[in-house]
Structures are given as structure tokens and as C-alpha cells.
Amino acid sequence: MRNERRIGGIGVSPGVAIGRAFLLGVDELKAPPVRILPHKVEDEIKGFRRALSQAKRELARLRDDSPGEVEGIFGAHLMMLEDPVFLREIEEEVREKRLSVAHIFGERIEEVISHFGGLEDEHFRGRVADIRDVGTRVMAHLLGTEREVLAHLQEEVIVVAHDLSPSDTVQMRKERVIGFVTELGGRTSHTAIMARSLEIPAVVGASRISGEVNPGDMLVVDGQTGRVILRPSPTTLKEYRQVKARLKRFEKTLSRLRDLPAVTPDGRRVELSANIEAPEEAEEIRRKGGYGTGLFRTEYLFMRATLPGEDEQFEVYSQVVRSCGDCPVIIRTVDLGGDKFVSHFRVPKEVNPFLGWRGIRLCLQNRGFFKIQLRAILRASALGRVGIMFPMVSGVGEVREAKGIIEETKEELRGQGIEFDEGIQVGIMVEVPSAAILADLLAPEVNFFSIGTNDLTQYCLAVDRVNPNVSYLYEPLHPAVLKLINQVVEAGHRHGIWVGLCGELGADPAAAVALLGMGLDELSVSPVAIPQIKLVIRGTAYSLAQRVAKEVLAITTPQEIREYLEGLLKNNFPQLNI
Ligand code: PEP
Ligand code: MG
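A. Quick peek at the overall build of the chain. Helix and strand counts for the chain come out as 21 helices and 16 strands. The C-alpha atoms of the chain give a radius of gyration of 26 Å, which matches the 25 Å a tight globule of 578 residues would have. With the C-alpha coordinates aligned to their principal axes, the bounding extent of the chain is approximately 80 × 65 × 45 Å. Within the chain, the fraction of its 578 residues that count as buried is 55%. Carbon and sulfur atoms make up 51% of the accessible area of the chain, which totals about 25500 Å². A gap of 5 Å separates the mean positions of the 73 positive and 81 negative side-chain charges of the chain.

This is the structure:
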């Protein structure tokens, strides 16, 4: 057995997972052996044929577009994919062994490669690269569907992947995927956010993991520190089992705060609500002691083969409203684009998707689509305290246009005699620096602001939130970001509207003290973070928090700010230091 190995990454979802590695497309030709249920075998074969046709179409296009001397190479590649004996053998093996076709195809290609690679003849040895090329092309199509296995895993695993898209993550079932590690990603990538909402310990940005891990290897994932331990020794395993037990005990202690309000000892009350990505999560908010939904990210409803219609959306929103009872539910209109794309919108590949066709921009240019969502939200508003929130707003014009569409939609509903809340609150995410700078002009247009520090940080500091190469620069506790937050709170209050914050910064207990002191009225965090933040709020006098905020706003560097706030937290809440 190989020795224990430690790899560092970015801890993005707290907790410790101990289990076996499940490799998802780490090596292009190595796919894990996934069992196929007997009645699914023929679908698996169909998927194989589909992948072959797609690969063949691509190769034919490449051949036709290539100059003469290269044309022959793709022609040869095509021939390989038309070898009936080879293909029949693969299909038979899938039927016989009932294992995923990606696994069997990958193994067969590896066999052919090692056979040709071992031959004396130079010409045959030269074919190896061609075979690998064809193999990976087909695998890419197979793995596209192989990712669906995340939803059908038969045993507990820790997923290891080069990258996971939010739509991969949304398929993960908590009972099966007990942790994950990726080579790409940052703390506020939507994959990381999804991990927190599923309460799956996760590490991203573990850049060297694929070269070190084998399928089935034992792994420890420490989602707090970002440490991943491959093939842990018995002593390490024992140590981490103890950490897990300590975490569990601490969780139990925190659960005593569940029914208590988020109020400081000197009486300042904050609405501590939750960010959710799926309607089922709304049930969890109360269990964790939260007050309603501060941000319902609706994108995940749209990340599938067909777009959801008005009735289906209405059902989903109603489910959340029912779960939250008398508490508010803020539904964000769809924020597709950036790292959350869907194929329904034929968006040409963008060089800078985070600066492109995203959020409200996409909705304003697809009015019919936008109206369906607004109708569904408005209908759900008849059942409780619903708010509508627009993402990615960069100026007043967009807000006015979007509000105009709400008015049109209301008029249609009135005409049809369909009920909705006439006084429904409308607010915006403040996450683009121009919106933060123009907060004084935007406040009179809306009922509330919710500061999105995930994007505000990326856009203010020009640091891609999903790129591990620059993650060392991604610091929401940067003085520039904190000054913008403070300015937005002041502007909102000057105009008599409430100001919340729904970025991940709110879930950082060290930052929470300063945010409290800046006068935020609401903090919306992943359900899993609610108990810790409530502990901090209940244990910090508002007068102290205000002094802390003032001091923080006078500090020059992000490092000093973090040191100062973490020092304070350590002193005042030693129990958080597990
Ligand atoms: C944010 O940007 O801070 C935010 C809450 O929205 P999202 O993470 O979905 O972009
Ligand atoms: Mg955002």
C-alpha cells in the first residue's frame, strides 16, 4: 500500500468526510466501474451509440475542413469508430458485466494502446496517439452522460474531479456523495455554494489531486482547513474520527439556540435568514433556527433538459412559501450566465461569461421567458410574504425596465382574476460595483437591497471567483469591498429601506461582527451556517460591533483586517475554534 499523502486546497464546506474516492473524469480514459441496473442496460448501449455518432459527426466535420495532408488522419480516426467487431464486443461486455460503458470502453482503448505501443513496427507505434485521441473524443461524450451517475450512486463515495459544474453538483445525493474534491474552483464558485447547501464537506482548488489518487483510495476531506489526506494512516484516521465526533457534539450545543432570536445582548435584532437553492432546503431553515429565506437562487430549476413552465415554477415557489410560514421569502429572478449556463439560450461562447449575458441582462432580453417566472412568483405571493429580487443590476435603467415588466405582468394577472400580493416588495442584489456606488440613486426605486459580496468582491477586485490561480487575491474583507458595503447600508438607511447581505461573507463568523456593526438589517447565509452566526450575534453587544466596524474601516490591508477580526473572534468565542 502506498503511503499517506497530504494535499492542500481551499476548504469550502465545513465538516470532515472519510470514505473511498470516486473519480469523475479525472483521467480521460479512466472511468469508474459503475453498476448498471438490468433494466437500464439497453439505455446504456443507446448512450454509447449516441456518443459514437456525435464523435463521428465531429470527425467528419474536421476531416472536411482540414487541408489535404491532415484530412487523412481524421479519416483514419473515423474508420476506427466504424470497426463493427470492436464495437460489438464492447456492447456485449456491457450486457454481460452490467458495468458502465464509459468504464468498459476506456479499458478497451487502453488495451489497444498498450498492444500497439508494444509493437516493434514504428508505423504501428505511431498509431497510439491517434487511438488515444479517438478514445478521448468518445469518452468526452460518454462522460457527459456518465456525470448523471452522480444521481444514481449505489454506495457512499467521495467524488474527486478536475472540475464539477453546478449542474453536476445539483445531482449529488447527500446519502451517497459524502464529500468532494476538485482541482478547480474557488470559495464562492456555485459548486462550492451548492456543497454547503447540501452540507457535504468539500475542498476545491486541490490542483494536484488527479495525479495522486486512484479509484477506491481511502480519503479524508477536511472541508474546514482545505486539507485532503490520501490513504490515511491508522493514526490519522483515528485523529479525524475524533474531530468528527467533536464537531457533532458542538453542533448539538449550537442546536440549543434554535428557537432563540438573533438579537444582541443590548437588544439589536438582525433577521438571520437562509440562502437556498432547492425548495426542499426550505424545511431545513427552521430546523437550523433561521428566519425565512433571504435568497432563493432559482437557477437550478432551469439547469435541465427542458425549461420549467409557469405552473411548475408556481408549485416550487409555493412549496418554499409554505415551508417558511409567516417569515419572508425572497425569490431571486433567474441569474443564469457566469458559471451557470444552460443550453436553452443559444449564447455564443463568451470570452468573459461573468461579464457577459448574465442575470437581469439575459432576462430583459428574453421578456417572454422572464414574464413566466414573474407570473409564477406573483401567484405564489398570494400565499405568504414574498419578495422579488433582481440579480446583476448595474444601474437605474435596468431596475425601471424590470419593474415595468412586473407592472405589465400584474396587469395581466388582474385581468385574468388571478390573485397576488399587490404590495409585493421588490429589491435588488447590490453586487456590481456601479450599483454600490449608485446606491443613493437606486434606493428610491426599490424596497430593499441585498448585498451580494460574492460578486461584489469579484467585480470590485477584478478577481475571478472560480479561478484558483487568483484565489489568494479573492478577499471580501478587502478595505475596498468593506467600504462599498458600508456605503450601501448608509445609503439604504438614508432612504428608509432595509439592507441585507446574502453573500458568503455573512457566513464568516469573524466578519459577522463587523457586518453587524455596520448596521445591516438582515444576514442571509447557508442554513448550515445559521447556528454559528446566531451564536456570534447573541454574544456581541451592538455597541461593541459598531466600534469594531469603525476600526475595521480604518485598517489598510485585507490581511490586517482578517487578523484583527479573527483575533477578536478567538478571544470572544473560543468554542468556535474546533
Ligand atoms: C453574491 O453574488 O454574493 C450572491 C449571493 O449571488 P450568487 O452567489 O448566486 O452570485
Ligand atoms: Mg451574485
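B. Representation of a negative patch on the surface. There is a patch of like negative charges on the surface, built from Asp83, Glu89, Glu92 and Glu96. Looking at where Glu89 falls in the secondary structure, it is placed in helix H3 (residues 84-97).

C. Summary view of the site of ligand 1. Around ligand 1, a shell composed of 17 residues is seen, among which Arg297, Arg332, Asn454, Asp455 and Arg465 lie nearest. Residue Arg332 places a side-chain N or O atom 2.9 Å away from an oxygen atom belonging to ligand 1. With respect to ligand 1, the side chain of Arg465 contributes an N or O atom lying 2.8 Å from an oxygen atom. Protein contacts shield 100% of the accessible area of ligand 1, which totals 290 Å² for the unbound molecule. Secondary structure elements with two or more residues in the shell around ligand 1: helix H7 (190-198), strand E10 (293-297) and helix H16 (453-461).

D. Highlighting the pattern of salt bridges. Considering all chains together, one arrives at 38 salt bridges under this definition. Here Arg108 ties to Glu111 by a salt bridge, and the two come within 2.4 Å at their closest N and O atoms. Here Glu111 and Arg108 lie together in helix H4 (residues 101-117), a separation of three residues that amounts to about one turn. For Arg108, a relative accessible area of 13% puts it in the buried group. Here Asp508 ties to Arg562 by a salt bridge, and the two come within 3.3 Å at their closest N and O atoms. In this pair, Asp508 is assigned in the loop between strand E15 (498-501) and helix H18 (509-517) and Arg562 in helix H21 (residues 558-572), connecting sequence segments 54 residues apart.

E. Broad picture of the packing of helix H12 (residues 367-381) against helix H13 (residues 396-415). Close contact between H12 and H13 brings their axes to 10 Å; oriented N to C, the two are set at 60°. Classified by the angle their axes make, H12 and H13 are oblique. Pair H12 / H13 crosses with right-handed handedness. Residues Arg367, Phe370, Lys371, Leu374, Arg375, Leu378 and Arg379 of H12 pack against Glu401, Ala402, Ile405, Ile406, Glu408, Thr409, Lys410, Glu412 and Leu413 of H13. Residues belonging to the contact of H12 with H13 are distributed by class as follows: seven nonpolar, one polar and eight charged.

F. Quick peek at the coordination of the magnesium ion (ligand 2). Around the magnesium ion (ligand 2), the donor atoms from the protein are Glu431 (OE) and Asp455 (OD), and they sit 2.0 to 2.1 Å away. Of this pair, Glu431 sits in the loop between strand E13 (425-430) and helix H14 (433-437) while Asp455 sits in helix H16, placing them 24 residues apart in sequence.

G. The arrangement of the pairing of strand E5 (residues 177-182) in detail. Among the six residues that make up E5, six are buried, leaving the element largely enclosed by the rest of the structure. Two elements, strand E4 (residues 157-161) and E5, share five bridges in a ladder whose sense is parallel. Along E5, the bridge assignment pairs Val157 with Val177. Relative to strand E6 (residues 202-204), E5 runs parallel, the two being bridged by two bridges. Each residue of the ladder has a partner; that of Val181, found in E6, is Val203. Between the parallel pair E5 and E6, the chain is carried across by H7, and the sense of this crossover is right-handed.

H. Quick peek at the sheet that holds E15. One closed barrel accounts for eight strands, arranged E9-E10-E11-E12-E13-E14-E15-E16; its pairing is parallel. Looking at each pair of strands side by side, their axes are set apart by 25° on average, direction ignored. The pairing of E13 with strand E14 (residues 448-451) spans four bridges and is classified as parallel. Bridge pairing links Met429 to Ser450 in E14. Here H12 sits on the sheet in contact with strand E11 (328-332) and strand E12 (385-390), set at roughly 155° to E12. Packing against the sheet, helix H19 (residues 530-538) makes contact with strand E9 (271-276) and strand E16 (522-525), and its axis sits at approximately 160° to E9.

I. Broad picture of unusual backbone geometry. Even without being glycine, Glu199 reaches a positive phi, approximately 60°. Of note, Met392 is a non-glycine position whose phi angle comes to about 65°, a positive value. As for its placement among the helices and strands, Met392 is situated in the loop between E12 and H13.

J. Structural detail: a nonpolar patch on the surface. A cluster of nonpolar side chains, namely Ile437, Leu438 and Leu441, defines an oily patch on the protein surface of about 270 Å² accessible area. Within the secondary structure layout, Leu438 lies in the loop between H14 and helix H15 (439-442).

K. Highlighting H3. With 14 residues, H3 extends 20 Å from end C-alpha to end C-alpha; this agrees with the ideal 20 Å at 1.5 Å per step. Within H3, burial applies to Phe86, Leu87, Ile90, Glu91, Glu93 and Val94. The arc that holds the buried residues of H3, viewed along the axis, is 160°, so those residues lie on one side. When the buried face of H3 is taken as reference, the exposed residues oriented beyond 90 degrees from it are Pro84 and Glu96.

L. View of the nonpolar core. The biggest cluster of nonpolar side chains holds 130 residues, and the ones touching the most others in it are Val159, Phe390, Phe449, Ile451 and Ile485. Viewed by domain, this core spans two of them, domain 1 (5-25 + 149-232) and domain 3 (256-576), each represented by three or more residues. With 30 residues, the next largest nonpolar core counts Ala31, Phe86, Val101 and Ile104 among its residues.

Rules used throughout
- Residues numbered from 1 in each chain as written.
- Chains lettered and ligands numbered in written order.
- Predicted model: local features only at pLDDT ≥ 70, side-chain atom pairs only at ≥ 80, totals over all residues.
- Heavy atoms only, no water.
- Helix = DSSP H or I, 4+ residues; strand = E, 2+ residues; numbered from the N terminus.
- Rg over C-alpha atoms; globule rule 2.2 N^0.38 Å.
- Buried < 20%, exposed > 50% of the residue type's maximum accessible area, 1.4 Å probe, protein only.
- Areas by Shrake-Rupley, 256 points an atom, 1.4 Å probe, with all protein chains shown as cover.
- Lys, Arg positive; Asp, Glu negative; His and termini not counted.
- Charge placed at Lys NZ, Arg CZ, Asp CG, Glu CD.
- Patch = residues over 30% accessible without salt bridge, like charges linked within 9 Å, V, L, I, M, F, W, Y side chains within 5 Å.
- Salt bridge = Lys/Arg side-chain N within 4 Å of Asp/Glu carboxyl O.
- Near = heavy atom within 4 Å.
- Polar contact = N/O pair within 3.5 Å; in protein donor to acceptor, adjacent residues only side chain to side chain.
- Axes fitted to C-alpha atoms, helices over the stretch in contact; angles between N-to-C directions.
- Parallel < 35°, antiparallel > 145°, perpendicular 65-115°, else oblique.
- Left-handed = near helix turned anticlockwise from the far one by under 90°.
- Contact = heavy atoms within 4.5 Å.
- Nonpolar A, V, L, I, M, F, W, Y, C, P; charged D, E, K, R; others polar.
- Donors = N, O, S within 2.8 Å, 3.2 Å for Na, K, Ca; no water.
- Pairing = 2+ DSSP bridges.
- Right-handed = clockwise from strand over helix to strand, strands pointing away.
- Expected span 1.5 Å × (residues − 1).
- Arc of directions from axis to C-beta.
- Core = buried A, V, L, I, M, F, W, Y, C linked by side-chain atoms within 4.5 Å.
- Domains from an automatic or database assignment.

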